[in-house]
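# Structure at a glance
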Amino acid sequence: MTNTKFAQWAGVAMVAGLVVISHAEGPPMRDATTHEQLIPKLRQAQQNDPMKKMAVVPGADPADVYKPKDILSESDIIAFQGVATLVPKRAIILIPKNYQDRIAMLPGAKMVSWADFYVANRGWITTVEVSRTQAEGNVPLTDDTQKHLSECGNLVIATYMGGPISMLPLKEPKVPDPKAPKTTNPKTPVTTEPAKP
Amino acid sequence: MNSLIARLILVLAGTSAWTLGDTIITYTNFIRQIQQPSGVVWDMSVAATSPAGGSLSALGIEPGGARYELWTVANTTPLTNYLLDTKYVSTYIPGATVAIRTGDTTYPTIPRTRCDQPFYVDITITGLLSGATDPTASKSVNLLRYVQSYGVGGTGVGIDRNQATLLSTASIVTNGLQTLTYALTSIPGSPLTKIRGEERFSVFSIADYQAPSTQLASQFVQIWPVTDGTIAGITAGQVIRTTMPQATLTLNDLYPSSRSYAQIYKGNPVLGTVGTVVPGSNLVINDTVPSNRVLLLNNYDSVFYEDGVWTMELLTVTPFGTDRLAYVTFTLDRTIEANGTFTTNE
């Protein structure tokens, strides 16, 4: 093929390529599947259900015991200035009254991770690092920590290694210990008056 | 046990955006660790810009183990959340992974397919014991299959997944990979071509004195309906003597990853023919849910290069192949014939 003829051939091929879409890839073209075609196929699929060949589970449905939880219903949403995040329930341990309206989703707010939200809202959110035993309710927060948090006037979030963590209610000691700290973990978030300037 | 640190593989981290119709949907991911049996819940700190990768969980695991959940929250109104993956880690509770493969590899976030297509469920079990003195919870796991319809026109937004129907259960007592093959979905509904919903496969541990039965792994696949379409404005057998009339292409339940168009070719309909695309009919969909479209075709005479019998087909190309949705055959007769006589007179 001469250069001129090749150029003509290539030009025609390029023009044709603009208007002809090849569907040679994948399986051959077919008419769209119909309900009637799927009836016997479904019957056969259900007869050949691979789980029928496996042993049947005795006893109750484990899903009745463990229901997959919904992260939205298991979280508190914090929103401010068009941005929102969520933390586990019981991770908020103190809500000042003037911040109560920020514990709800704002219409149209952009959901971001806790880390991004906290960076932008350090001015009114304080975090308190807790230990695993404190989160489990086995050890209370110290008096000093409680006092500091109640006076800071900020929303207080319990965190573990920077991530929000739920604080279980403090377990009551079986035998009262007179030397034990008098403070307890709040069973529900504590609401306080705004801090005085 | 307290020093045991679980390595958590981050399948997805950070934020991603997809389109739902004309709206851009942003997904924000959260990794949640639930301690057993205390129930303490901890959210791992995940950088929003972090790519997929690995991270160590800083929270030690208790004797009952810990469950890790990967959630994504879409900024719809109201908010929508999806449980993308779960893992359970403990001392002797077996490990499990569930992965679902379909013919659609274009959407990495959630496995999806069409209601007339097969899908494959890969279940891998590790750590099962078989000794006479081994704890019961270490000897087997339970596999459960759930189905849930989204209803007519539904997209799954806002559904209560606790209402899913348990279709079948089975016990797995051997380690290793096993693949379950399903020729098509068993989500209830009619007609079978219009089913939309999801199937979920979950592996649960057996309850014992240290921890309750818990979900070891779970994965779901979204099922979308078969597209249907019509060509209006041209009737079968019509003889067209002037310009081509306006044609209306109606497309329902377009697959979220699809390209649809009308093509014409000379002659009677022959399935598999590659023709010429009608100008203005090319429609590309890259979405998360099916959609409907109506296209009006005007001024497309240029593609008909001569008179004769022609066929117009409405096609849709999906990851599963090319489907013909509708076709019409007509005759084009635009040649003007002048009949007359010519005489001379001396």
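Values in this document were obtained by computation on a predicted structure and should not be read as measured data.

### Description of the overall build of chain A
Check the secondary structure of chain A and you find 6 helices and 9 strands. For chain A, the proportion of its 197 residues judged to be buried stands at 40%. Long-range contacts, defined as pairs at least 24 residues apart, comprise 73% of the intrachain contacts of chain A with a sequence gap of at least 6. Working note: accessible area of chain A is about 11800 Å², and carbon and sulfur atoms make up 59% of it.

### A short note on the environment of A:Leu155
Residue and element names in this part refer to chain A. Checked against the element boundaries, Leu-155 lands in strand S7 (residues 155-160). Its relative accessible area of 0% is what places Leu-155 among the buried residues. Along the sequence, Leu-155 and Lys-97 sit 58 residues apart, while their C-alpha atoms lie 9.4 Å from each other. Apart from residues no more than four positions distant in its own chain, Leu-155 is found in contact with Ile-78, Ile-92, Leu-94, Ile-95, Pro-96, Tyr-99, Ile-103, Trp-124, Ile-125 and Thr-126.

### Here we look at the confidence of the model for chain B
Residue and element names in this part refer to chain B. Put simply, chain B has an average pLDDT of 86, and 90% of its residues get 70 or more. Note on residues 1-14: pLDDT is under 50 here. Beyond four places in sequence and across chains, it has 48 contacts. What the predictor reports for the complex is a pTM of 0.68 with an ipTM of 0.76.

### Concerning the interface of chain A and chain B
Tallying the contact residues gives 60 residues for chain A and 79 residues for chain B. Both sides together, the interface formed by chain A and chain B hides about 6100 Å², and carbon and sulfur atoms give 63% of it. Residue contributions to the side of chain A that touches chain B peak at 7 residues, all from helix H2 (residues 35-47) of chain A.

### Thoughts on the side chain of B:Thr113
All names here are of chain B. Assignment of secondary structure puts Thr-113 in strand S9 (residues 112-114). When its relative accessible area of 0% is taken as the criterion, Thr-113 is described as buried. In contact with Thr-113, not counting residues within four places along its chain, are Thr-102, Pro-118, Phe-119, Val-221, Gln-222, Ile-223, Trp-224, Tyr-255 and Phe-320.

### Describing empty space enclosed by the protein
Residue and element names in this part refer to chain B. Tallied over the full model, the rule gives 5 cavities of 30 Å³ or more. Taken as a whole, the largest cavity holds about 120 Å³ of empty space. Counting residues per element, the ones that place at least two in the lining of the largest cavity are strand S3 (23-35) and strand S7 (80-89).

Thresholds applied
Residues numbered from 1 in each chain as written. Chains lettered and ligands numbered in written order. Predicted model: local features only at pLDDT ≥ 70, side-chain atom pairs only at ≥ 80, totals over all residues. Heavy atoms only, no water. Helix = DSSP H or I, 4+ residues; strand = E, 2+ residues; numbered from the N terminus. Buried < 20%, exposed > 50% of the residue type's maximum accessible area, 1.4 Å probe, protein only. Contact = heavy atoms within 4.5 Å. Areas by Shrake-Rupley, 256 points an atom, 1.4 Å probe, with all protein chains shown as cover. pLDDT = per-residue confidence, 0-100. Buried area = accessible area lost by both parts, 1.4 Å probe. 1 Å grid on protein atoms, 1.4 Å probe; cavity = no way out; pocket = protein on both sides within 12 Å on 5 of 7 lines; lining within 4 Å. Points joined across faces, edges and corners; volume = space filled by probe spheres on them.

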